[in-house]
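# Summary of structural features
The primary structure of each chain is shown beneath.
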Amino acid sequence: MNSKNTVATAISMALFALSGMLPGTTYAIENEVEEIEEIEEVIVTGSYIRRKSQADLASPINTVTLEDMQANGWSNLEDVMETFTFSPSNFGRESLINGAGSSGIVRAIDLRGLGVSSTLTLLNGKRTASTAEDAGGASFVNVKRFVPMIAISQIETVLDGSAALYGSDAIAGVVNMKTRTDFEGFEARIGAKQIEDSGQNEAQFIVGAGNDDFHGMFALSFEQVDLLQNRDRPFTLLNNTSGSGSPGTYVLSGRPTAPGGGDVIIDNGTNGPINYSNLWDTAAAGGATSLQIADPFCLPDLVPAIGPVPGGGQFAGDIFPLGTCRSSYQPDNLLTPEEKTWMAYSHWDWRLNEHANVLIEFSMYRSHYTETNVASFPMTNGRPIVPANNPFNQLGTDLSWQGRPLGLAYPAKERQGDENGSRLALTLEGSFEQFFSDGLLSNWTYNVSAQYSGAYAAKGGQDADLRRVQDALNGFGGSNCEVRFDGPASSEVAGNGNCYYLSPFGANIYRSTFDPTSGFGSVGQLDANGDLVLANAAATNDVIGFNASGTETKDISERRLWVFEGIVSGDLFELPGGNAGMAVGYQRRKEIRELEFSNFASSLSQGFGGPRFGGKGARTVDAYFVEFAFPILDSVEIQLAGRHEDYGDVDSTDPKIGITWRATESFSLRASAGTSFRAPSLANVIGDDRQSRVNEVRDTINAAEQDSGTFKTVIQSKNPLLEPEESTNFNLGVSWSPEVPWG
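Residues numbered from 1 in each chain as written. Predicted model: local features only at pLDDT ≥ 70, side-chain atom pairs only at ≥ 80, totals over all residues. Heavy atoms only, no water.

Attention now goes to the sheet that holds strand β28 (residues 501-502). The strand order β28-β31-β32 describes an open sheet built from three strands, whose pairing is antiparallel. Edge positions in the sheet fall to β28 and β32 (532-534), since each has one partner strand and no second. Strand direction decides the pairing type here: strand β31 (residues 523-526) and β32, joined by three bridges, are antiparallel. Bridge pairing in β32 links Gly 524 to Leu 534. (Pairing = 2+ DSSP bridges. Helix = DSSP H or I, 4+ residues; strand = E, 2+ residues; numbered from the N terminus.)

Below is the structure:
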């Protein structure tokens with residue numbers, strides 16, 4: 001992995017965890033460089049004190065170098081994260097098939113499986129604004145929207161709680177992305193991956209130049225990913241059915257009656273003639289006041305199949321039609337979205353004099369993506385009524401409808417999303433030697449920085465408007481039918497003029513039942529004799545689009561982070577193993593989170609989604625931290641660190657101690673202990689926004705819901721009294737770096 005003059009292979013094993021929680025098996029990748037001349041000391045991840053290498057630290061470190069990335073052909077950060085055995089959950093790779101819901105537009109590092117918000121992701125040692133949230137509101141950095149891969153020189157991961165140095169969010173550890181700030185010349189990479197029905201294309205370049213006083217580099221990347229649905233892969237094309245099917249399930253509120261007053265008898269061609277009036281009579285004789293039935297044409301072949309998945313209804317019950325009509329939504333769901341992403345990164349180093357430098361760092365990203373889902377979601381927030389006078393209603397009584405307006409017979413619905421973000425960091429670093437020619441402070445350094453980072457995301461969607469669905473069932477469907485807040489205009493007549501009836505029934509999906517080539521037949525009007533006449537294609541598409549397909553929604557989120565930080569470090573006094581070191585610093589952070597939703601998203605008329613209300617929340621955090629390094633012997637070093645963070649309502653003080661013993665040149669032991677914490681995300685504790693989401697809820701006691709549950713609206717609210725997460729970390733490890741004959 002890492003190699004300079006001597007190839008060193010380090011094997012590190014986590015032997016035990018005194019807290020009862022394993023920090024994870026770690027394969028530490030360390031550098032041992034044959035000391036030909038004095039090695040420059042630098043700031044390494046896991047410490048603010050200058051050291052010669054990462055191997056001097058007591059905490060386990062994993063390092064991925066530029067050479068590793070090039071040798072393995074990794075083209076983006078996702079490829080690298082796939083190899084992290086210490087990030088087991090691989091958040092974002094899961095598809096909708098197992099309920100993740102992230103749809104491939106996010107990737108997060110989840111060290112030791114402690115949650116994506118328990119890993120702190122840094123860029124050149126500095127924080128950046130969170131760019132995404134999980135379903136519970138926990139924020140994290142989306143590595144798909146970070147910096148161009150070609151700009152990364154090294155990825156260093158501290159596999160130990162690090163709140164004593166870096167503060168909140170470092171319970172599981174820290175991942176620090178370092179960039180090629182000293183690059184000179186020009187380098188470009190162009191690549192493509194083509195797999196059946198899906199492809200990925202990427203291009204990126206880096207350019208850099210400078211002299212002793214000024215140096216700059218710039219990197220740019222573009223990536224395009226094709227859409228991939230479950231229907232495109234046989235191993236994801238599963239018959240996962242929904243209880244809210246298309247066609248649906250109905251609850252009768254009265255006895256079915258034919259137009260002439262006789263019994264209602266329907267023959268779907270498979271189950272034979274069924275007398276629905278007699279079914280009601282039997283139920284009523286037993287004391288029932290309602291009767292649930294599947295759609296009379298709840299048949300698998302009602303709509304053409306997609307591979308092994310039936311396109312039509314799938315009856316669930318003992319005797320047809322006394323049960324429910326289920327149908328699959330899986331083929332149109334997403335594996336990866338169609339996505340186009342631009343990312344840029346630039347770094348400038350201006351040497352003011354031999355003691356001070358100014359660093360300017362800027363990065364940005366912009367992404368546009370298209371997701372797909374089944375044509376409409378289930379109407380879980382209400383059950384529209386199909387009135388007895390709807391001419392498509394053969395049952396002749398009012399029906400309560402459970403289902404979804406559109407199923408697999410209709411094209412998949414597209415949702416558009418846009419994301420962009422930027423980061424600007426200004427740093428002044430230098431040595432106090434400029435002001436003190438000798439004495440204690442002459443070998444001390446300072447680093448003062450200020451940065452801003454922000455992330456913006458806008459996501460479109462659609463949801464059935466229960467009001468519009470009901471209007472169309474009542475005969476007032478269509479974009480030109482005048483329906484006001486208090487109902488249809490007095491000039492409008494149901495099923496006449498600009499107004500149309502909508503059918504939810506399976507028999508009317510196509511103009512000729514079972515024949516998709518005949519066109520859609522679920523929209524009609526009444527002629528002068530009161531007979532049903534199917535609408536033409538234009539009117540049918542208008543009603544389906546305006547009343548059944550759904551109303552557009554748009555969710556907008558914005559996150560901003562300001563950070564000011566000052567650190568001084570240097571030597572204190574001499575010990576047998578070298579100079580004792582100290583670093584002390586102060587940091588102030590201000591976080592802002594703001595949400596906006598379209599008016600429809602805030603209404604109670606959504607068929608599937610819950611009401612969401614925009615709002616804004618902010619907080620300021622002050623942090624004070626100190627670190628000591630005591631090389632008490634040539635082979636033994638002790639590290640002490642502590643950090644206090646004040647959030648106003650809550651605060652935390654976290655200490656850490658670590659010790660490293662190099663028994664031989666190739667063998668060392670290390671141990672560390674400390675505490676860490678994670679403050680609640682802004683979405684959980686601060687702000688006046690209110691959200692809800694739809695989750696599949698399973699009753700763990702009810703055996704019938706062990707494999708599939710029921711979709712319910714979950715209301716998410718703030719809890720200002722929520723306490724931080726806390727952890728106590730213990731780590732014991734051994735490293736062996738033998739000389740190898742091939743090095």
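Picking up where we left off.
A word on the environment of Ala 489. Tracing the sequence through the fold places Ala 489 in the loop between β27 (487-488) and β28. Separated by 13 residues in sequence, Ala 489 and Phe 476 have C-alpha atoms that sit 9.9 Å apart. Discounting residues that sit within four places of it in the chain, Ala 489 has contacts with Glu 482 and Arg 484. (Contact = heavy atoms within 4.5 Å.)

Per the counting criterion, the structure on display carries 29 salt bridges. Across the pair Lys 340 and Glu 338 runs a salt bridge whose closest N-O atoms are separated by 3.6 Å. Classification of Glu 338 by relative accessible area gives partly exposed; the value is 31%. Ionic pairing is found between Arg 678 and Glu 725, a salt bridge with its closest N-O pair at 3.0 Å. One end of the pair, Arg 678, is in strand β38 (residues 667-678); the other, Glu 725, is in strand β41 (residues 725-736), and 47 residues separate them in sequence. (Salt bridge = Lys/Arg side-chain N within 4 Å of Asp/Glu carboxyl O. Buried < 20%, exposed > 50% of the residue type's maximum accessible area, 1.4 Å probe, protein only.)

Right, let's talk about the sheet that holds strand β3 (residues 119-123) for a bit. Taking strand neighbours across the sheet as the criterion, the four strands line up as β2-β6-β7-β3 in an open arrangement whose pairing is mixed. Whereas interior strands pair on both sides, the edge strands pair on one side only; in this sheet they are β2 (61-65) and β3. Along the sheet, successive strands turn relative to each other by an average axial angle of 15°, direction set aside. Pairing between β3 and strand β7 (residues 173-179): five bridges, direction parallel. Its bridge partner being in β7, Leu 120 is matched across the sheet by Val 174. (Axes fitted to C-alpha atoms, helices over the stretch in contact; angles between N-to-C directions.)

Summed over the entire model, instances satisfying the criterion amount to 15 cavities of 30 Å³ or more. What the largest cavity holds in volume is close to 420 Å³. Considering the residues around the largest cavity, the lining is formed by 30 residues, among which Thr 128, Ser 130, Ser 139, Asp 169 and Glu 591 are closest to the centre. Elements supplying a minimum of two residues to the lining of the largest cavity: β3, β5 (139-140), β33 (551-575), β34 (578-597) and α7 (682-685). Tallied by class, the residues present in the lining of the largest cavity amount to twelve nonpolar, eight polar and ten charged. (1 Å grid on protein atoms, 1.4 Å probe; cavity = no way out; pocket = protein on both sides within 12 Å on 5 of 7 lines; lining within 4 Å. Points joined across faces, edges and corners; volume = space filled by probe spheres on them. Nonpolar A, V, L, I, M, F, W, Y, C, P; charged D, E, K, R; others polar.)

That bond from Ser 246 to Pro 247 is cis: its omega, 5°, falls within 30 degrees of zero. Tracing the sequence through the fold places Pro 247 in the loop between β12 (241-242) and β13 (249-252). Residue Phe 320 is joined to Pro 321 through a cis peptide bond whose omega torsion reads 5°. Mapped onto the secondary structure, Pro 321 falls in the loop between β17 (314-319) and β18 (322-328). One non-glycine residue with positive phi stands out, namely Asp 169, at about 85°. If you trace the backbone, Asp 169 turns up in the loop between α3 (163-166) and β7.

With that out of the way, let us pick up the confidence of the model for the protein chain. Of the residues in the protein chain, 88% reach a pLDDT of 70 or more, and the chain-wide mean stands at 85. Predicted confidence in the protein chain is weakest over strand β1 (residues 11-12), with a mean pLDDT of 30, and strongest over β28, with 98. Every residue in residues 1-39 scores below 50 in pLDDT, and together they form 88 contacts with partners more than four places removed in sequence or on other chains. With pLDDT under 50 throughout, residues 95-102 is counted as low confidence; its partners more than four residues away or in other chains account for 16 contacts. (pLDDT = per-residue confidence, 0-100.)

Turning our attention to the state of the cysteines. Following the criterion strictly, the structure yields two disulfides and no others. Covalently, Cys 481 is tied to Cys 499 through a disulfide, its sulfur atoms 2.0 Å apart. Across the S-S bond of Cys 481 and Cys 499 the torsion is about 85°, and the bridge reads as right-handed. Highlighted residues: Cys 481 in the loop between α5 (466-473) and β26 (483-484) and Cys 499 in the loop between β27 and β28, separated in sequence by 18 residues. Judged by relative accessible area, Cys 481 falls into the buried class, the value being 7%. Sequence-ordered numbering of the bonded cysteines in the protein chain gives a disulfide pattern of 1-2, 3-4. (Disulfide = S-S within 2.5 Å.)

Judged by relative accessible area, Pro 247 falls into the buried class, the value being 1%. Along the backbone, Pro 247 and Arg 404 are 157 residues apart, and their C-alpha atoms lie at a distance of 7.6 Å. Those residues in contact with Pro 247 that sit more than four places away from it in its chain are Asp 295, Phe 297, Cys 298, Leu 302, Gly 313, Cys 325, Pro 504 and Gly 506.

Here we come to helix α4 (residues 276-285). Along α4, the residues classified as buried are Tyr 276, Ser 277, Trp 280 and Ala 283. Mapping the buried residues of α4 onto a view down its axis gives an arc of 125°, with all of them on the same face. Those residues of α4 that are exposed and aimed more than 90 degrees away from the buried face are Thr 282 and Ala 285. Residues of α4 that are buried in the fold lie against β13, β14 (265-267), β15 (273-275) and β16 (291-294). By the N-cap criterion, in which a side-chain oxygen at the helix start approaches the backbone nitrogen of a residue two or three places on, α4 is capped by Asn 275, the distance to Ser 277 being 3.0 Å. Following α4 by one or two positions, Gly 287 has its phi on the positive side, about 95°. (Arc of directions from axis to C-beta. Polar contact = N/O pair within 3.5 Å; in protein donor to acceptor, adjacent residues only side chain to side chain.)

A cluster of nonpolar side chains, contributed by Phe 214, Trp 348, Trp 350, Leu 352, Ile 360, Phe 362, Leu 424, Leu 426, Leu 428, Val 448 and Phe 564, occupies part of the molecular surface with about 960 Å² of accessible area. Elements supplying a minimum of two residues to the nonpolar patch: β20 (338-353), β21 (356-373) and β24 (413-431). Following the sequence through the fold, Leu 424 ends up in strand β24. Take Leu 424: its relative accessible area is 39%, and that puts it in the partly exposed class. (Patch = residues over 30% accessible without salt bridge, like charges linked within 9 Å, V, L, I, M, F, W, Y side chains within 5 Å. Areas by Shrake-Rupley, 256 points an atom, 1.4 Å probe, with all protein chains shown as cover.)

Note that Thr 131 resides in the loop between β3 and β4 (132-133). The spacing of Thr 131 and Asn 420 is 289 residues in sequence and 9.4 Å in space, taken between C-alpha atoms. Leave out the neighbours within four places in its chain, and Thr 131 touches Phe 140, Val 141, Asn 142, Tyr 365, Ala 455 and Arg 559. A polar contact of 2.7 Å, which involves the side chain of Thr 131, links it to the backbone nitrogen of Asn 142.

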